[in-house]
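A closer look at the structure
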Amino acid sequence: MGEIGTKPRAAFAATGVANLASIMAAFRRAGAEPYLAKDAEDLAAAAFAVVPGVGSFGSAMAALRASGMDEAVVDRASRGTPTMGVCAGMQLFFEASEESPGARGMGIVKGELRRFPSSLPVPQLGWNRVRRPGDAMSLVRDGWAYFANSYRLTSLPDGIAGSWAEYGESFVAAAERPGLLLCQFHPELSGPWGQGLIERWLQQAGGQA
Amino acid sequence: MKSVGALRIIPCLDVDGGRVVKGVKFQNLADAGDPVELSVRYENEGADEIAFLDISATIEGRKTALESIRRVREAIGIPLLVGGGVRTLEDAARLLEAGADRVAVNSAGVRTPELLDELASRFGVQCVVLAVDARRTSGSSAIGAAPAWEVVVEAGRKATGLDAVRWAREGARRGAGEILLTSIDRDGTGSGYDLELLRAVTAASPVPVVASGGAANPSHFVDGARSGARALLAAGVFHRGELSIKSVKESLAAAGMEVRL
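This write-up is about the structure you can find in this document. Worth saying up front: this structure is predicted, and the values here are computed from it rather than measured.

Turning to the interface of chain B and chain A, a few remarks are in order. Between chain B and chain A, the contact holds 29 residues from the first and 27 residues from the second. Between chain B and chain A, the buried area comes to about 2200 Å², and carbon and sulfur atoms account for 58% of it. Where chain B touches chain A, the interface holds two salt bridges. Of the charged contacts, one joins Arg 28 of chain A and Glu 74 of chain B as a salt bridge, the two residues approaching to 2.5 Å between their closest N and O atoms. On the surface where chain B and chain A come into contact, there are eleven residue pairs in polar contact (both at pLDDT 80 or more).

Residues and elements named next belong to chain A. Sheet architecture is open: three strands sit in the order β5-β6-β9, paired in mixed fashion. Strands at the two margins of the open sheet, each flanked by one partner only, are β5 (96–97) and β9 (151–152). Relative to β9, strand β6 (residues 112–115) runs antiparallel, the two sharing two bridges. Residue pairing across strands places Arg 115 opposite Tyr 151, the latter belonging to β9.

As a further point, take unusual backbone geometry. With an omega of 5 degrees, the peptide bond between Val 122 of chain A and Pro 123 of chain A qualifies as cis. Despite not being glycine, Cys 87 of chain A has its phi angle at roughly 55 degrees, a positive value. Relative to the elements of secondary structure, Cys 87 of chain A occurs in the loop between β4 (83–86) and α5 (88–91). For Glu 154 of chain B, which is not glycine, the phi torsion reads 55 degrees and is therefore positive. Mapped onto the secondary structure, Glu 154 of chain B falls in the loop between β8 (149–153) and β9 (158–163).

Moving on, we get to the packing of helix α2 (residues 59–75) of chain B against helix α3 (residues 89–98) of chain B. Residues and elements named next belong to chain B. Where α2 meets α3, the closest approach of the two axes is 8 Å, and the angle between their N-to-C directions is 35 degrees. Here Leu 66, Ile 69, Arg 70 and Arg 73 of α2 lie close against α3, whose contacting residues are Arg 94, Leu 95, Glu 97 and Ala 98. Broken down by class, the residue content of the contact of α2 with α3 amounts to four nonpolar, no polar and four charged.

Rules and cut-offs
Residues numbered from 1 in each chain as written. Chains lettered and ligands numbered in written order. Predicted model: local features only at pLDDT ≥ 70, side-chain atom pairs only at ≥ 80, totals over all residues. Heavy atoms only, no water. Contact = heavy atoms within 4.5 Å. Buried area = accessible area lost by both parts, 1.4 Å probe. Salt bridge = Lys/Arg side-chain N within 4 Å of Asp/Glu carboxyl O. Polar contact = N/O pair within 3.5 Å; in protein donor to acceptor, adjacent residues only side chain to side chain. Pairing = 2+ DSSP bridges. Helix = DSSP H or I, 4+ residues; strand = E, 2+ residues; numbered from the N terminus. Axes fitted to C-alpha atoms, helices over the stretch in contact; angles between N-to-C directions. Nonpolar A, V, L, I, M, F, W, Y, C, P; charged D, E, K, R; others polar.

Below, the structure is given as structure tokens:
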């Protein structure tokens, strides 16, 4: 993770009408130095990269493609270079979403997002309980997370560890494998539990890089 | 019953000139502390969100508030709802840029209801909260003509004649993802939420309702939740240390309700 005494630098991919203040503040509290990636090369070279939760699936994906940042993210994920996706940003790592029919995601992980059933208040907005995966190596722990989402995954392929929450039925709260952390919730708004997750990701994923 | 997540407890900071103030029925404001210190204390006590209402009336006051929002944002890791003086998309964008996660619209929504549609399409419904300040009318609803509660704007100074229940429903239809419902009759009185108002609005609104105005003891919060609120807001009792957020949540849990403890 860089030289002793230097702050880990985390590049953020801008995907549209950005509200990045909360997550950048959380990274600063974790001792990191967050910044907006200027272009795809900037994102590719960063020690840590984050795709934040902004906009609809189709518009966010179009913004990533326009800057070539999608390829940088795909490349990072295949190498296991520390990469995080949050909320709508997390969803772009999958193949498609009912939110934007016909739009292709990055397809780094197999799966398609579906809308919560209309019998529930949508969007899900607020705190929900997260159960960590059985994998002892996972960064996500049991606790309460803050969600703001209308679409979700209900299954994950092999090779990626899932954390789960209940909203009507079970859905994917987070998915992770070494170097890659995908959060449907907002870790930056999930109190000390979410702050701890960001800190562990910076430490452990950084150690692997 | 299907799980729909935890009830939220939201301490509210009414901020004027960079300081938290608190009054009774929106009058006689007294200093109640520093917004950053209070926000951090409330997060540590288990607050699920912080509401920051900028009540300053001057341009200089608004600038100070924006700076306070930035400082609160740096300090806390829970959602920040900001309201007060939001009239345009640009006002909302400025608050979001400063660190708000959600924006509340009040008077401007009454003047220009389309603002709610525009905010929702630009920022998403999860970002838009309609603040409704309601006051009981002297007219009896049995007569038919007068609404039981009317919407009051401009910090409680101007009555609109608008039916609060209908306005909440219209606001949700236009794009508000949540209704922040304040009873002006109860604000600062410590006599509990206006449960009749709360039941009427939750029955009419397709989106969650935050109860506000009058909570002073744990049973008020329990009653508010039982009357349909998905989140419970209070200010003075928390600022003065008369109640801790943790004790309120423990009371809700003891009453069988799901809270984040």
